[in-house]
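# Structural features, examined
Listed below, chain by chain, are the residues.
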Amino acid sequence: MSGRVNDEIEAGVIDIIKASSSHCSSDNLPHVHKVGVPPKQNLFKEFISTLKETFFHDEPLRPFKDQPRSRKLVLGLQTFFPILEWGRNYNLSKFKGDLIAGLTIASLCIPQDIGYAKLANLDPQYGLYTSFVPPLVYAFMGSSRDIAIGPVAVVSLLLGTMLQDEIDSSNKTQYLRLVFTATFFAGITQAMLGFFRLGFLVDFLSHAAIVGFMAGAAVTIALQQLKGLLGIKKFTKKTDIISVMRSVFSAAHHGWNWQTILIGVSFLAFLMLAKYIGKKKKKLFWVPAIAPLISVIISTFFVYITHANDHGVQIVKDIEKGVNSPSVDQIFFSGEYLGKGFKIGVVAGLIALTEAIAIGRTFAAMKDYQLDGNKEMVALGTMNIIGSMTSCYVATGSFSRSAVNYMAGCNTAVSNIVMSGVVLLTLEVITPLFKYTPNAILASIIISAVVGLIDIEAIILIWKIDKFDFIACMGALFGVIFSTVEYGLLIAVSLSFAKILLQVTRPRTALLGKIPRTTVYRNVQQYPDAIKVPGILIVRVDSAIYFSNSNYIKERILRWLVDEEELGKTNQPRIQYLIIEMSPATDIDTSGIHALEELYRTLQKRDVQLVLSNPGPVVMDKLYASEFASMVGEDKIFLTVGDAVLACSPKMEP
């Protein structure tokens, strides 16, 4: 078998040499196309073109072209308020779906909001406030049909831990002021990113890092709920797993309350069963949606009739009745807390933005419509700015509620308006009924909600696809669990940047060989039957050539050359030509040109000719501008690797 393979390879090599010799005779040499040199562009036009492609690649002003002034005004209003566009075609049939979806997500959000407010160390009504005003604003300005707005677990925990480091939550007045300040700057951050079309900055947080961060935050949130689930009164304010478990076990002999544990564990099992039913049977999506509210009603009634609160079962107590009060005068616009609020707001705003955009894009893809990321950022930012002035904290898209909204058959953002109306009714009428709601139920609801943030399948897939992504994922996860949410986030961002830097500074290169019976040249590792051309080394650079990687690329190519020369000491011809396939090299800078010049001079000393294959228009323009094309010789720049090989083969020394 091996002998037959060797014979085929030898035959292939002979074919290449014969084909090269016959084709390259003066009479039979085929026409070799020259690489096109792009026309010289005007510097100003080139700058404008680059600017447009960077910030306005989606051509947002295209609908305004050749429109009368009145129409431009209407289009401008529709840009900022999409409801004016889709509202014209709204009908009773669509409202029916939105009404059902809105009522369904309202039943889920009310108990969740009360629990999430406690995560942020706030009174329960602030969670409800955050599901009243922001969804109304988003319904008018947002472009997603499916996203459900309100407080979410991860952002609530992040705010709670970061704010707690600055002001103790027992100092309610100052703590609240800092909450509203952070929310205001979170909104400013989001709106500015959208307005200046800088949404691409959010993409620097890789998917793997987000998966790890969310999973770590979910574990941390679940561990924090052990206080309410076990009825512990004295509990650590730290979030790392060691401190939390130490606090849990130190209270085991005197701090746990068996009635609380019974209530919490029983209803947690009920909630998890409801989630399982909803996952297995899609038509029963309403079961996990309504289960939290049923749990609250039953447990509250049980505590009320048994007076369990007199036996150590901790309850919510009074929730302030009425709608949001104005809070503009409570935002710090000066003083020492201004900077702290700004820092916390930027971090919380970016995390909230990342989550909302990811959710919006997911459901937009499922329903096959386009989501404008920059419009979404402006909408999310505006709703948080207004929210900070109406006693709300940072709101964003909730994945669990958005999934229920989608499954319930929502058609537009009107489902958010319906949900907001139900929350308003709750604030005005129903809040006194939550007085006897046990904290254990809220803990159970939060635990059942955050379990879905731990995406085991995604983590396994990340491991299979990219090991460095897996390291980033695990780094973010363990950073959150064993340290703090902020350090976990820092690790996630750092590892995301580290991956980018690694890919930029250490790009891939490949040795190419000829696929038998074709004129195609491919990576010899990917195609083991590809045959190297005797006396010619063909290298492909799979990256733009910049200051950050130019020296590495030059050294890597020279290492390929040394390796091939050592192999050639046996019976292979000496390497006389080095062909660099430059199709993947989309750009080159002055450092890259300088590296190619050094490579050229080094090869000249070794009596090896440098040949370039298919440089792109940007690269070609710079090769001529730097006069490197003249240095290497215009006759040494070819359209394809095949052309380069055909031209070089007859010139090789025997």
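The structure this text deals with has already been given above.
These lines cover the structure that appears in this document, whether it is placed above or below. (Residues numbered from 1 in each chain as written. Predicted model: local features only at pLDDT ≥ 70, side-chain atom pairs only at ≥ 80, totals over all residues. Heavy atoms only, no water.)

It is worth spelling out the overall build of the protein at this point. Of regular secondary structure, the protein possesses 27 helices and eight strands. By principal-axis analysis of the C-alpha atoms, the protein measures approximately 105 × 70 × 55 Å. Burial status across the protein gives 50% buried among its 654 residues. Across the protein, the fraction of contacts at a sequence separation of at least 24, relative to all contacts at a separation of at least 6, is 80%. (Helix = DSSP H or I, 4+ residues; strand = E, 2+ residues; numbered from the N terminus. Buried < 20%, exposed > 50% of the residue type's maximum accessible area, 1.4 Å probe, protein only. Contact = heavy atoms within 4.5 Å.)

Attention now goes to a nonpolar patch on the surface. On the surface, a nonpolar cluster with roughly 500 Å² of combined accessible area is contributed by F200, L201, F204, V493, F497, I500 and V504. With respect to the helices and strands, the residue V504 is situated in helix α22 (residues 485-505). The exposure class assigned to V504 is partly exposed, which follows from its relative accessible area of 31%. (Patch = residues over 30% accessible without salt bridge, like charges linked within 9 Å, V, L, I, M, F, W, Y side chains within 5 Å. Areas by Shrake-Rupley, 256 points an atom, 1.4 Å probe, with all protein chains shown as cover. Salt bridge = Lys/Arg side-chain N within 4 Å of Asp/Glu carboxyl O.)

Moving on, we get to unusual backbone geometry. Working note: non-glycine residues mostly have negative phi, and peptide bonds are mostly trans. Notably, H307 is not glycine yet its phi reads approximately 55°, a positive angle. Residue placement: H307 occurs in the loop between α14 (286-306) and α15 (336-367). Exposure remark for H307: the relative accessible area of 46% places this residue in the partly exposed category.

Our focus in this paragraph is the nonpolar core. By size, the foremost hydrophobic cluster in this structure holds 103 residues, and its most contacted members are L122, L159, F213 and I221. For this core, the element with the highest residue contribution is helix α9 (residues 172-195), accounting for eleven residues. Ignoring anything within four residues of it in the chain, the contact list for F213 reads V154, I351, A476, L477, V480, V485, G488 and L489. If you look at the next biggest cluster of nonpolar residues, it comprises 36 residues, including I553, L599, L610 and M620. (Core = buried A, V, L, I, M, F, W, Y, C linked by side-chain atoms within 4.5 Å.)

The next subject is the pattern of salt bridges. According to the stated counting rule, one finds 16 salt bridges in the structure shown. As a salt-bridge pair, E166 and K343 come within 3.6 Å of each other at their nearest N and O atoms. Residue E166 is found in helix α8 (residues 153-166), and its partner K343 is found in helix α15; the two are separated by 177 residues along the sequence. On the basis of relative accessible area, K343 is assigned to the partly exposed category, the value being 45%. Beyond isolated ion pairs, a larger network of salt bridges with shared partners links E166, E336, K340 and K343.

Looking now at the side chain of S388. Here S388 is to be found in helix α16 (residues 373-388). Residue classification places S388 among the buried positions, given a relative accessible area of 0%. Engagement of the side chain of S388 in a polar contact is seen with the backbone oxygen of I385, the distance being 2.6 Å. Beyond its immediate chain neighbours, meaning those up to four positions away, S388 contacts F180, T183, F184, S327 and I331. (Polar contact = N/O pair within 3.5 Å; in protein donor to acceptor, adjacent residues only side chain to side chain.)

Before going further, it helps to examine the packing of aromatic side chains. Applying the stated criterion to the full structure yields 13 aromatic pairs. Where Y126 meets Y129, the ring centres are 5.4 Å apart and the plane angle is 85°; that geometry is what we call edge-to-face. Of this pair, Y126 and Y129 are both found in helix α6 (residues 124-130), three residues apart, which corresponds to roughly one turn of the helix. In this structure, Y126 and Y129 share a single accessibility class: buried. Their ring planes at 65° and their centres at 5.2 Å tell us that Y304 and Y436 sit as a pair that is edge-to-face. You can see Y304 sitting in helix α14 and its partner Y436 sitting in the loop between α18 (414-430) and α19 (439-450), a full 132 residues away along the chain. Judged by relative accessible area, which is 24%, Y436 ranks as partly exposed. By way of ring pairs, the aromatic residues F184, F185, F333 and F342 are connected into one cluster. When the ring centre of F332 is taken as origin, the NZ or CZ atom of R177, which lies over that ring, is 4.1 Å away. (Phe/Tyr/Trp six-rings, centres within 6.5 Å; stacked < 30°, edge-to-face > 60°. Lys NZ or Arg CZ within 6 Å of the ring centre and 35° of its normal.)

Before going further, it helps to spend a moment on empty space enclosed by the protein. Taken as a whole, this structure holds three cavities of 30 Å³ or more when the rule is applied. Its volume calculated, the largest cavity comes out at about 70 Å³. In terms of lining residues, the largest cavity is bounded by V541, I545, S550, I553, K554, I557, I580, M582, G592, A595, L596 and L599. At the level of secondary structure, the elements contributing two or more residues to the lining of the largest cavity comprise α23 (550-567) and α24 (590-605). In terms of residue class, the lining of the largest cavity is built from nine nonpolar, two polar and one charged. Roughly 40 Å³ of volume is contained in the second largest cavity. In terms of lining, the second largest cavity is formed by L205, I210, F213, M214, I351, T354 and E355. Elements supplying a minimum of two residues to the lining of the second largest cavity: α10 (207-224) and α15. Here the residues of the lining of the second largest cavity sort into five nonpolar, one polar and one charged. (1 Å grid on protein atoms, 1.4 Å probe; cavity = no way out; pocket = protein on both sides within 12 Å on 5 of 7 lines; lining within 4 Å. Points joined across faces, edges and corners; volume = space filled by probe spheres on them. Nonpolar A, V, L, I, M, F, W, Y, C, P; charged D, E, K, R; others polar.)

This next bit is on the pairing of strand β5 (residues 536-541). Two faces make up the sheet, and in a regular strand the side chains alternate between them. In terms of burial, β5 is a largely internal element, six of the six residues being buried. Of the two faces of β5, the one carrying I536, I538 and R540 and the one carrying L537, V539 and V541 are both buried. Bridging between strand β3 (residues 509-514) and β5 involves three bridges; their strand directions are antiparallel. The partner of A510 across the bridge, within β5, is R540. Pairing of β5 with strand β6 (residues 577-581), which is carried by five bridges, proceeds in the parallel orientation. Looking at the pairing, V539 lines up with I580 of β6. (Pairing = 2+ DSSP bridges.)

In this section: the pairing of β6. When you tally the buried positions in β6, you get five out of five residues, the bulk of the element. Neither face of β6 is left uncovered, since the one carrying Y577, I579 and E581 and the one carrying L578 and I580 both have all their residues buried. As defined by bridge partners, β6 adjoins strand β7 (residues 609-613) across five bridges and the pair is classed as parallel. The residue of β7 that forms the bridge with L578 is L610. In this fold, the crossover linking β6 to β7 by way of α24 has right-handed handedness. (Right-handed = clockwise from strand over helix to strand, strands pointing away.)

Function cannot be inferred from these measures alone, as they are strictly geometric.
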